[in-house]
Amino acid sequence: MKGYMTIDNIPVEIHDERNILELIRKIGIELPTFCYYSELSIHGACRMCLVENEKGGLEAACSEPPRVGHKVWTNTARLRKYRKNILELLLSNHNRDCTVCNKSGECRLQDLALKFGIKNIRYLNTAYTPEPDESSASVSIDRSKCILCGDCIRVCNEIQNVGAIDFAFRGSQMKVATAFGVPMASSPCVGCGQCAAVCPTGAISVKNSLEAVWSDLLDKNTDVTVQIAPAVRVAIGKRMGFEEGQNALGLIVAALKRMGFVKVFDTTLGADMTVEEESKEFLKFVEKTHSLPLFTSCCPAWINYAEKRYPELMGNISTCKSPMQMFGALVKQYYKNNGKRHVHVAVMPCTAKKYEAVRPEFTCDGVPIVDHVLSTQELIRMIEQSGYQFNKLEPEAVDNPFGIVTGAGVIFGVSGGVTEAVLRTLTEDSSNATLLQTAMAGERGMEGLKELQVEYKGKTLSIAVVSGLGNVGRLLEDILSGKKVFDFVEVMACPGGCVCGAGQPYVPLSVKEIRGKGLYAIDKLMSYKRSSDNPLIEDIFSGILKGREHELLHVSYDSQEESTE
Amino acid sequence: MENVVNMDFLEEIVSYFKRSPSSIIAMLQEIQEKYRYLPKEIFPFLSKSTGLSEARIYSLATFYENFSLEPKGKNIIKVCDGTACHVRKSLPILERLKAKLKLEPGAVTTKDLAFTVEVVACLGACGLSPVITLNGKAYPAMTPDKATELLESLIEVKGE
Amino acid sequence: MLRSRQELKDLREKCQRSAQDEVRKILVCSGTGCVASGAEEVYDQFKAVLERLKIPCSVKFIEDGHGVGLKRSGCQALCEKGVLVRVEPEGYLYTKVKSSDCEVIVTETVQQGRHVERLAYKDHDGAVCKRTQEIPFFKRQMRLVLENCGNIDAESILEYLAAGGYKSFEKAIYDMSSQEIIKEIADSKLRGRGGGGFPTGYKWQQVYRQKLFPKYIVCNGDEGDPGAFMDCSIMEGDPHRMLEGMLIAGRAVGASDGYIYVRAEYPLAVRRLKKAIADLEEYGLSGENILGSDFSFRFHLNRGAGAFVCGEGSALTASIEGKRGFPRVKPPRTVEHGLFDKPTVLNNVETFANVAVIIDKGSEFYKSIGTESSPGTKAFSITGNIENTGLIEVPLGMTLKEVIYDVGGGMKGGKKFKAVQIGGPSGACLTEEHFDLPLDFDSLAKAGAMIGSGGLVVADEDTCMVELARFFMNFTQRESCGKCIPCREGTKRMLLILERIVSGNGRATDIDNLLDLAITIKETALCGLGKTAPSPVLSTIKNFEEEYQAHIVDRQCPAHSCEKLKKYYIEPELCKGCSKCAKLCPTNAISGKAKEIYSIDPIICTRCGVCVSSCKFVAIKEAW
């Protein structure tokens, strides 16, 4: 503690808050902002967080460091007036088709306009309404709803280092744009969707597949099955009235079954299959001499990033399909001769999965392996639309014959999970002591880059666990320049891994960590910790997949250069 | 007029500025000086050389008024509309030039790429207002009629 | 390459001797204005004439010295009368000099010391002013910063040395400690000339105290105010004085690099600065271990790329860093985290140009000029409807009336004074009631105005204040960077309302809405430029609300200036019914029967004026 400052006449202890805004929010005051995220650099442009000081001066709470003895007020007559005026100015230049907007109900501008009682806009509506950019499979861009807070740009550049978008032009002509305004699909965008996650309005939103899913689901001649990714179960609770990080899988299964999904499965089994295949590949890989490491392949945004930025590394990425695609292939085989039209849906924490699902590489007999991908947020909306009260449902188990999963598969949803799962398989030992040792090797935690060394059969394996594409880019430069040498690199495009995916409800990084802990808690309660201990694995590999592992579980990506030509 | 971007020239520019991202504006200025605009083809090269995204370079090219993404005319006329020139009626000169060159509303360059007409905020020659510059040379105390004469003299020279 | 203090002193003495050896000097003004009027041609012609007459002429100083010195000087401030030529030591000033006049100047004045009256400046009453100082425009001025400007060859470091140049820098590295330099500047009470008037010494002290290295000196030469060109004149006319100020600042705070950011529209300033910087390197006055001392300093020149907002400190440093010129929120302040996130002294051109005088003559001398809280002089550019337009330098604290009447020579064409807009798009307007207001930082602040860039636009009775407000708002709106909401969206709304008013479509609520927007922007915008963007509107509403009302309520422009409020009508007594106007009217606004009286429909009429010039009977009249 460093001393006290006064906020709205209340003395508040200063610890190590970076700015007054953090302190204000800490004591439970919802000071409005459009452009502040603790993970991003301070932009200071929305001017909604202005507070009044003792001298009657106004200061932006987001950039002012707390000072001992300083006094501010957050809600004076002047501030109220200016905040209303700023909202009015934004609305006078904004598409006001709120009721049909993707983000209706979750839009900060709409919310604040309502809270501040903006009833009358004195100025002519000058919003221009260009055609939305629907070229990306992951996100929709509607500039008529953009308030130019720049959050998307900062996340795309500072956190993800993708640099697909930036401000273009200036003043009242300013807009968020790709270079030369090309469609998102032709830009360096990798579909990670982090821009949509931070967008306060409907300007960037995750593509919506709800209507397509409903339509198949309610078609009597179609059997619809669904798989649920590990990270989804710990992120849905908060919005549905539970604690963040609480495992809600049973309730999700119950809700989906009632809606009419014939079978509800757990993607975790796909993760177990991935661990098995990837471990085999890795063992073969370390036998050979290699200067570059083997990279994991589960994350589709990472695949896109490598294709666009580092095509020369494509040969070092594991040929394993992602768990979603492995599991999808299995399900499609299972339903192949069922006689009825079969549609398979995946509920994912991810926006890039929507693109992965439509890639030509992931088809089986000419049809997509996964027909629709729903984000966690869409799942929540779907449950709301169905009318089932989530907290009144009785939890149900996932369906057979794919009902057994392991803890190793579950922790795929958090950065370090894939590495830990592979290590568990490699150690060939399920004792508590060994598991604990593996867990402590250094792969856990929310840091962007974790480096660890593991002894394996007399060899020292160097492993990197990296998440957030900004960190990925820096690591790759070090690897390519020879500054760093690894045998195995686990890559997740979103900082913290899938629990922090852009398809999940947005929460700050500190809360995302709770989701990760939720997955580790599930792992603790599992009967099987190692993927190879999963009795289903043996059945599947010697049964339905026999002789077809390569065809059904592996993939080769065409080089991006050819596909863009 | 050069149609194709000369890669040796680009290489020379980026090495002169040590590929430093902080020198990107100076690089763009050099390139614009040579081509009189920023050809689209330079963007991937500059992006690779400096590590800045193409979107970032596009962002700079559209933020600063001096950069043009469209080819500029062979003759560049700048009409000053600073305070001193404005109060001494610089806008009628602009209107005359646009009319004479048959520039459509919003267009700054003639279709044959012979002329570009731009408005600038102040050329620092307020004592001679209203001022226009033609290819960097200042013409003081202009009137719409003098502007017409100036244009006609250029077109004649061209015709010879 | 100079390696020691002695070598510098020796060179300076040599230059001074050479200067004395010149029997006569011809100073051809080569400021932007005179170059536009043909100064280069005049210069070449002088050279040719001198050669033809076999008069030894020194173009380059020293090397081929003696006889007549032919120089390209900085701006001599009477741009309208260009090309200006002055002959020393007589100090005869010639105006509107053409190439054909060179011969007579050489044969009469240079060879025989006789004055050529035909080319002399004549004042308001037709009286001949032989010398610059005799011109009323200059009588009340005080040239401190612009001392050398117009008196030496702007492209020669040797001439600057001959004029005592780099003496202060020499003193600063050999005779003074950092603290002593800063104390001298602080004691002089020098205040930033870029607008806010922040105490320069205090700023330097703050940077001196920072422990983070390297530190930077940044010179703001992005003079964006449309209608101000003081900094331009210094950079073009006496670049070394500014560079010397930067070197002293670098020595004082422990900085190793100086960045100069010059507006793209000043190509001549860029060229002269490039030359000056190259000369400094050549003579060893910049680079490593300057003059054998432990002080090293390098100059970097950045050209702006066309953005007014880059005149704002943090936007300027962002631009040097290769980014969009977005101002950033403060804290952290520039003195702590400025250019490249390092401690930075950021001052404008004129501020740096004041430094050498203070170090040379001391803070006591400096404080004897100007007022108690605003010592020194200030350069202003006076434009608009005033007799003498141009660049002036006066002691701070001169009253508005003195500036307009004694220096500016009063209103042009005997028109009635209405207002003066001070500080450009960030400034406010002052009226007759402010005539006795001393022009210094604090008095202006009290009157709700600011010196800002130092641009003075004088408006007479024919100037529409609503239109003037619209002009500035149009400028700020076009130049808004777009980062913060109040400025980006607010200035657009204000401009739309003002455009509506000057075109006769104002609404009763417009003034209230303008005021509401103005206060919101003033209090909430992110940067200084945004916060001051509404000033022209606020002050014109305060002082001339009745003009706004006339536009809005009566649809009239009292100054008879807003074209769209002009109406044409046909004088019934004069119309012969010839129908010519009706046939020519492009919008068919004129109707009537042949041989009867025609009439104009004011709603359809676009006021193109075709009918006026077509009427042989002068029957079509303007009404306001």
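Along each chain, residues carry numbers from 1 onward, in the same order as the chain's sequence is written. For this description, chains carry letters from A and ligands carry numbers from 1, given in the order in which they are written. Selection of residues for local features in this predicted model requires a pLDDT of at least 70, selection of side-chain atom pairs for listing and counting requires 80 or more, and totals for whole chains, interfaces and linings are taken over all residues. Computation of side-chain values covers all heavy atoms of the structure but excludes hydrogens and water.

K.L.:
What is the right way to look at the overall build of chain C in this model?
P.N.:
Starting at the N terminus, helices and strands are each numbered in turn, a helix being any DSSP run of H or I of at least four residues and a strand any DSSP run of E of at least two. Across its full length, chain C holds 23 helices and 20 strands. The C-alpha radius of gyration of chain C comes to 27 Å, within 12% of the 25 Å expected for a compact globule of 624 residues. Viewed in the frame of its principal axes, chain C has a C-alpha envelope of about 95 × 65 × 40 Å. Any residue under 20% of the maximum accessible area for its type is buried, any over 50% is exposed, and the rest in between are partly exposed; the area is computed with a 1.4 Å probe on protein chains only. Residue burial in chain C is summarised as follows: out of 624 residues, 63% are buried. By sequence separation, contacts in chain C at least 24 residues apart represent 70% of the contacts at least 6 residues apart. Of the roughly 22600 Å² of accessible surface on chain C, 50% is carried by carbon and sulfur atoms. Using C-alpha atoms as the atom set, the radius of gyration is obtained and then compared with a globule rule of 2.2 Å times the number of residues to the power 0.38. Only heavy atoms matter for contacts: two residues are in contact if any of them lie within 4.5 Å across the pair. Accessible areas in this description were obtained via Shrake-Rupley with a 1.4 Å probe; residue shielding takes into account the shown protein chains only.

K.L.:
Explanation requested: a positive patch on the surface in the structure shown.
P.N.:
Residue and element names in this part refer to chain C. Patches draw on residues past 30% relative accessible area with no salt bridge. Two like charges within 9 Å are joined, as are two nonpolar side chains (Val, Leu, Ile, Met, Phe, Trp, Tyr) within 5 Å. We count a salt bridge whenever a side-chain nitrogen from Lys or Arg sits within 4 Å of a carboxyl oxygen from Asp or Glu. When charges are counted, Lys and Arg contribute as positive and Asp and Glu as negative, whereas His and the chain ends are disregarded. For this purpose, a charge sits on NZ of Lys, CZ of Arg, CG of Asp or CD of Glu. On the surface, Lys81, Lys96, Lys98 and Lys412 cluster together into a patch of positive charge. Looking at the element boundaries, Lys96 is found in the loop between strand S5 (92–94) and helix H4 (102–112). What makes Lys96 partly exposed here is its relative accessible area of 45%.

K.L.:
How should I be thinking about helix H3 (residues 108–115) of chain A in this particular structure?
P.N.:
Two residues of an α-helix separated by three or four positions point the same way, owing to the 3.6 residues in each turn. Residues and elements named next belong to chain A. The complete set of buried residues in H3 reads Leu109, Leu112 and Ala113. Down the axis of H3, the buried set is contained in an arc of 105 degrees. They therefore lie on one face. Facing away from the buried side of H3, by more than 90 degrees, are the exposed residues Leu114 and Lys115. For H3, the elements touching its buried residues are helix H2 (77–91). Think of the arc as the fan of directions from the helix axis to the C-beta atoms.

K.L.:
Could you clarify how one ought to interpret the pairing of strand S14 (residues 417–422) of chain C in this entry?
P.N.:
Along a regular strand, successive side chains alternate from one face of the sheet to the other. Residue and element names in this part refer to chain C. Counting buried residues in S14 gives 6 out of 6 residues, a clear majority hidden from the surface. We treat two strands as partners when DSSP finds at least two bridges between them. Note that S14 and strand S16 (residues 455–460) share 5 bridges and pair antiparallel. In the sheet register, Ile422 faces S16, and the bridge partner there is Leu456. As paired strands, S14 and strand S15 (residues 428–430) are joined by 3 bridges and run antiparallel to one another. Bridge assignment links Val420 to a residue of S15, and that residue is Leu430. In sequence, S14 turns back onto S15 through a hairpin of 5 residues, with Gly423 there showing a positive phi of about 95 degrees.

K.L.:
Just to check I follow, could you spell out the interface of chain C and chain B for this structure?
P.N.:
By a widespread convention, an interface's size corresponds to the accessible area lost as its parts come together. If you look at the interface, chain C gives 45 residues, while chain B gives 34 residues. Here the quantity called buried area is the accessible surface, traced with a 1.4 Å probe, that two parts lose on coming together, added over both. In terms of surface lost to chain B, no three residues of chain C exceed C:Arg303, C:Ala305 and C:Arg324, which account for 19% of the buried area on that side. For the pair chain C and chain B, the interface holds 1 salt bridge. Residue C:Arg303 is joined to B:Glu33 by a salt bridge in which the shortest nitrogen-to-oxygen separation is 3.1 Å. Two N or O atoms count as a polar contact when they lie within 3.5 Å, although within protein this holds only if one can serve as hydrogen donor and the other as acceptor, and sequence-adjacent residues are included solely when both atoms are side-chain atoms. Where chain C meets chain B, there are 13 residue pairs in polar contact (both at pLDDT 80 or more). Contributions of two or more residues to the side of chain C that touches chain B are made by helix H2 (32–37), helix H13 (313–320), strand S12 (377–384) and helix H17 (465–479) of chain C. Just so you know the grouping, Ala, Val, Leu, Ile, Met, Phe, Trp, Tyr, Cys and Pro go in nonpolar, Asp, Glu, Lys and Arg go in charged, and all remaining residues, Gly too, go in polar. Here the residues of the side of chain C that touches chain B are counted per class, giving 20 nonpolar, 12 polar and 13 charged.

K.L.:
How do you make sense of the domain arrangement of chain C when you look at a structure like this?
P.N.:
Residues and elements named next belong to chain C. In terms of domain boundaries, chain C breaks down into domain 1 (18–135), domain 2 (165–367), domain 3 (377–460), domain 4 (465–553) and domain 5 (566–623). Once you take the C-alpha centre of each, domain 1 and domain 3 turn out to be 31 Å apart. Between domain 1 and domain 3, the contact holds 4 residues from the first and 6 residues from the second. Roughly 390 Å² is buried in total at the junction of domain 1 and domain 3, and carbon and sulfur atoms are behind 39% of that figure. Three residues stand out in domain 1 for area buried against domain 3, namely Ala77, Glu80 and His124, and they jointly supply 74% of the buried area on that side. The tally of links between domain 1 and domain 3 comes to 0 salt bridges. How far each domain reaches was decided by an automatic or database domain assignment.

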